[in-house]
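Summary of structural features
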Amino acid sequence: SPLIGSVQYDYIIVGGGTAGCVLANRLSADPSISVALIEAGPTVFNDSRVLSISPSGPAWGTELDWNYTTIPQIHVNNAVLTYHAGRDIGGTSTINGMVYLRPTAEELDSWPVLGNHGYSWDSLLPYFKKSEHLQLPTEPRSLSEASYEAAFHGFAGPVKVGWGNDLDPAAGFGQALNTSFQALGVGWNVDPNSGNTTGIGLFPIEKDTVLQIRQDSARSYYLPVMDRPNLHAFTNTTALNIDLDNSKAHHGPKRPFRAKAVNVSLPSGKKQTLYSKQEIILSAGTYRTPGLLEQSGIGNPSVLRNLSITPKVILPGVGAHVQDQWLVGIIYNTNITIDSVTAGYNSNPVTVALTAADLFGDDLEATAAQLYRDIPSYARTLSEASNGAISVQAQEQILRLRARLILKDNVGTGSCSFGNYGGNCWVTLPLSTGNVHSSSDPSNPRINPNFMQLPWDILVTQRLISTLRKVLSSPPVQLALGPSANVELSPGLANVPLNATLSQWTSFFQAALAPVWHAVGSAGMRRRDWGGVVDTKFRVYGVQGLRIVDASVIPVEVNGNPTSLIYALAEKAAEDILADCGRGGKGKGW
Ligand SMILES: Cc1cc2nc3c(=O)[nH]c(=O)nc-3n(C[C@H](O)[C@H](O)[C@H](O)COP(=O)(O)OP(=O)(O)OC[C@H]3O[C@@H](n4cnc5c(N)ncnc54)[C@H](O)[C@@H]3O)c2cc1C
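Residues numbered from 1 in each chain as written. Predicted model: local features only at pLDDT ≥ 70, side-chain atom pairs only at ≥ 80, totals over all residues.

Observations regarding the overall build of the protein
We count it as follows: What counts as a helix is a DSSP run of H or I of at least four residues, what counts as a strand is a run of E of at least two, and both are numbered from the N terminus. The size measure is the radius of gyration over C-alpha atoms, and the globule rule it meets is 2.2 Å times the number of residues to the 0.38 power. To sort residues by exposure, count the other C-beta atoms lying within 10 Å of each residue's C-beta; 20 or more gives buried, 12 or fewer gives exposed, and values between give partly exposed, all with C-beta atoms placed from the backbone.
A count of helical and extended segments in the protein gives 17 helices and 24 strands. The C-alpha atoms of the protein give 23 Å as radius of gyration, which agrees with the globular expectation for 590 residues (25 Å, within 12%). With the principal axes as the frame, the protein shows a C-alpha extent of 80 × 55 × 40 Å. In the protein, which comprises 590 residues, the share counted as buried stands at 56%.

Considerations on the site of the ligand
Rules: Nearness between a residue and a molecule or strand is assessed with a C-beta atom placed from the backbone; a distance within 6 Å qualifies. Charged means Asp, Glu, Lys or Arg here, nonpolar means Ala, Val, Leu, Ile, Met, Phe, Trp, Tyr, Cys or Pro, and polar covers whatever is left, Gly included.
Close to the ligand lie 39 residues, the nearest being Gly-15, Gly-17, Gly-91, Gly-97 and Asn-561. Looking at the shell around the ligand, the elements that each hand over two or more residues are helix 1 (18–27), strand 11 (238–245) and helix 17 (562–580). Considered class by class, the residues forming the shell around the ligand number 14 nonpolar, 21 polar and 4 charged.

Some points on unusual backbone geometry
Residue Pro-491 is bonded to the preceding Ser-490 through a cis peptide linkage, with omega at 0°. Take Pro-491: it is sitting in the loop between helix 15 (475–481) and helix 16 (502–512). Here Asn-67, not a glycine, exhibits a phi torsion of approximately 50°, which is positive. Mapped onto the secondary structure, Asn-67 falls in the loop between helix 2 (48–51) and strand 3 (68–69).

Quick notes on the confidence of the model for the protein
Applied cut-off: Residue-level confidence of the predictor, termed pLDDT, takes values from 0 up to 100.
The pLDDT averaged across the protein works out to 95; a share of 98% of its residues lies at or above 70. For this predicted complex, the interface score ipTM comes out at 1.00, while the overall pTM is 0.97.

Digging into the pairing of strand 7 (residues 199–202)
For the record, the criterion: One bridge is not enough; two strands pair if DSSP finds at least two bridges between them.
Where burial is concerned, the two faces of strand 7 agree: the one with Gly-199 and Gly-201 and the one with Ile-200 and Leu-202 are both buried. One ladder, built from 4 bridges, connects strand 7 with strand 17 (residues 350–354); its direction is antiparallel. Looking at the pairing, Leu-202 lines up with Val-350 of strand 17.

Some thoughts on the pairing of strand 12 (residues 257–265)
When strand 11 meets strand 12, the two strands line up antiparallel, connected through 7 bridges. Directly across from Leu-244, in strand 12, lies its bridge partner Ala-259. Bridging between strand 12 and strand 23 (residues 543–544) involves 2 bridges; their strand directions are parallel. Pairing of Phe-257 across the sheet is with Val-543, part of strand 23.

Focus: helix 13 (residues 392–408)
To keep things clear, this is the line we draw: A helix is expected to span 1.5 Å multiplied by its residue count minus one. Contact between two residues is assigned when their C-beta atoms, built from the backbone, lie within 7 Å.
Look at helix 13: 23 Å from first C-alpha to last across 17 residues, which is about the 24 Å you get at 1.5 Å a residue. For helix 13, the full list of buried residues reads Ala-394, Gln-395, Ile-398, Leu-399, Arg-402, Ala-403, Leu-405, Ile-406 and Leu-407. Its buried side turned inward, helix 13 meets helix 3 (105–109), helix 11 (356–360) and helix 12 (364–385). Positive backbone phi, approximately 55°, marks Asn-410, located one or two places after helix 13.

Describing the sheet that holds strand 22 (residues 514–515)
Reading across from one edge, 7-17-18-19-16-22 is the order of the 6 strands in this open sheet, with antiparallel pairing throughout. Only two strands of the sheet have a single partner each, and these edge strands are strand 7 and strand 22. Two strands pair when backbone bridges link them, and strand 16 (residues 326–331) and strand 19 (residues 422–427) are joined in this way by 5 bridges, in the antiparallel orientation. Across the sheet, residue Ile-330 finds its bridge partner in strand 19, namely Gly-423.

Side note on the environment of Gly-86
With respect to the helices, strands and loops of the structure, Gly-86 is situated in the loop between strand 4 (82–83) and helix 3. For the pair Gly-86 and Pro-316, spaced 230 residues apart in sequence, the C-alpha to C-alpha distance is 27 Å. Beyond its immediate chain neighbours, meaning those up to four positions away, Gly-86 contacts Gly-17, Leu-64, Asp-65, Gly-91, Thr-92, Ser-93, Thr-94 and Ile-95.

Overview of the packing of helix 14 (residues 455–472) against helix 16
Defined as follows: Fitted lines through C-alpha atoms serve as axes, helices being fitted only where they are in contact, and the angles separating the N-to-C directions of these axes extend from 0 to 180 degrees. Between 65 and 115 degrees an angle is taken as roughly perpendicular, under 35 as roughly parallel, over 145 as roughly antiparallel, and anywhere else as oblique.
At a minimum axis separation of 10 Å, helix 14 and helix 16 run at an interaxial angle of 90°. With respect to their mutual orientation, helix 14 and helix 16 come out roughly perpendicular. Contacts between helix 14 and helix 16 involve Ile-458, Leu-459, Thr-461, Gln-462 and Ile-465 from the first element and Leu-502, Trp-505, Thr-506 and Phe-509 from the second. Residue composition of the contact of helix 14 with helix 16, by class: 6 nonpolar, 3 polar and no charged.

As for the nonpolar core
Put simply, the rule reads: The term nonpolar core refers to a set of buried Ala, Val, Leu, Ile, Met, Phe, Trp, Tyr and Cys residues connected through C-beta atoms within 7 Å.
Of all hydrophobic cores here, the largest spans 162 residues; its most connected members are Ile-13, Val-14 and Leu-23. Ranked by residues supplied to this core, first place goes to helix 17 with 9 residues. Those residues in contact with Val-14, other than ones at most four positions away along the chain, are Ile-38, Ala-239, Val-262, Ile-280, Ile-281, Leu-282, Ser-283, Ala-284 and Leu-292. Judged by nonpolar contacts, the second largest core, of 6 residues, contains Val-44, Val-50, Ala-59 and Ile-95.

Some points on helix 14
Here helix 14 spans 26 Å end to end across 18 residues, near enough to the 26 Å set by a 1.5 Å rise per residue. Here helix 14 lies mainly inside the structure; 14 of its 18 residues are buried.

A look at the packing of helix 12 against helix 13
This is how the line gets drawn: Definitions for this section: a left-handed crossing has its near helix turned counterclockwise from the far helix by less than a right angle. A right-handed crossing has that turn clockwise.
Put simply, helix 12 and helix 13 touch, their axes get as near as 8 Å, and they point 145° apart. Our pair here, helix 12 against helix 13, has a crossing hand that is right-handed. Between helix 12 and helix 13, the residues in contact are Ala-368, Leu-371, Tyr-372, Ile-375, Pro-376, Tyr-378, Ala-379, Arg-380, Leu-382 and Ser-383 and Val-392, Gln-395, Glu-396, Leu-399, Arg-400, Ala-403 and Leu-407, respectively. Residues belonging to the contact of helix 12 with helix 13 are distributed by class as follows: 12 nonpolar, 2 polar and 3 charged.

What to know about the environment of Ile-53
Mapped onto the fold, Ile-53 is located in the loop between helix 2 and strand 3. Each C-alpha atom of the pair Ile-53 and Ile-205 lies 9.0 Å from the other, and the pair is 152 residues apart in sequence.

A few points about the environment of Asp-550
In this structure, Asp-550 sits in the loop between strand 24 (546–548) and helix 17. Taking the C-alpha atoms as reference points, Asp-550 and Ile-566, separated by 16 residues in sequence, lie 6.3 Å from one another. Once residues lying within four places of it in the same chain are set aside, the contact partners of Asp-550 are Gly-15, Gly-17, Ala-19, Ser-283, Ala-284, Gly-285, Thr-289 and Ile-566.

Right under this line is the structure:
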């Protein structure tokens, strides 16, 4: 590329992951715009560990995985949990579970209350469609229940999405699950990507159904355009921090800070500064984006001072509001291999989203009343845990918004997935809130999802796993699992009996939980006085020429799985960026 050797670009994207590749593609579509993409890892298009359509990560724990760990989780017996995150072009989309499931309409419709005016299901739907290439189910797959509502889908976008070739829910395990959930009053959902996730349905996977390979963001967005002469990828290159400039003309008024350059460490270990003519965009993901802000002097002054960094832009919300989901499972069969899990994943991609009404039944009214009574004390707990970065009042408003979604709007609050081992479940809309900050070693961020922080989440988990247990032990599912798998091995009835108390279940959760790795919100799009870090156009508050586009801007945890939303947001961000520099039309004007 003619850009090689250059140190000045219109746009510098930090992090060539799920969101970063979208931006690299869209911003470099105009040949007069120069774009640098900085990625700490390599390109891995032909690596079998990435091509694999196994959900249980052949690349986990390898050099393609940052393999972070959490700080000890105080509500989980001080457990230190592994956090996988992709370290290559394509980022975490090269090692994730590939599930393509969007949030519900009501969740996105609630974003304006957080300060995100203009956001809604309807306003984001065009971007979901723009990124998606739904591969139509073949006739046998349609007969096996692979169904969709065309109005909600894109058929020409970069990300190929589809169902397994060996789909069998209408026949075996899937049908058994359907029969048992229907008996509990949980209905069939013909398209869980249509803005309504609730009920039982089939999830499509981000994969090429013809080639039977993973469709990550590198393959979808970067590979087709990597030879553009105006796009230069710096692979195996780590961004260290951003230079901010507020120098003013002689006697002129004080200027706001402007993001001027990115300092990087090249593969040789040599340091280099890359200058931006227009903007710098951080797409380093939930765990690293806050650290890059902090290493540049943007964040909570008390956090920065602990890192011996001089505060330049005071943004207490940086890293202060992270949410993730945790899962617990019921295991019937330990005789499983990666191959059998992969086969099960492609043949039985059953998803179930359960509402508070499904979980609490006749107890719903009393449970809801208790949650509303608890909100003020929950808000104090969350505000305290953020060292006051987010006020009690703001936390209370956010919690009320979430309670309304869960209790009034009947949005799914828990999910289950299944395999030949049994099933897993997790709270999709947790209230517990953690944080992520830089440490003295930026490649080792302090990740604290704060799992099981609030009693509400524990109660919902208990209801979820009890429902899961009921379904897995039901005669149709037992028949489908076969005689070799008719004993519950974990938790096991001796450990957690059928009439177990909440405290018995809690002990099991503390011993068995694992992250779902859907962490979001560490640089949330939200009102600045509610701990927001970016505005509705992804611009960092208080800094010119700096945006954030990745999972960290998603303000609160969502139903479904994050990549569909990250792709949609990145598509919107690209339009916003081009519109603001006078290219790409007027934009949507939100
Ligand atoms: C095991 C696992 C399974 C998952 N399963 C699913 C699923 O089935 N469906 C789903 O929708 N979601 C799933 N997720 C979540 C989803 O994959 C992530 O939320 C999403 O990919 C994050 O995208 P991102 O753009 O925010 O960050 P990433 O894709 O992680 O991109 C960040 C990039 O920045 C690079 N980087 C970081 N720091 C620097 C630096 N200082 N300098 C240069 N480069 C840097 C990284 O190497 C990486 O390439 C899963 C996640 C995991 C870990």
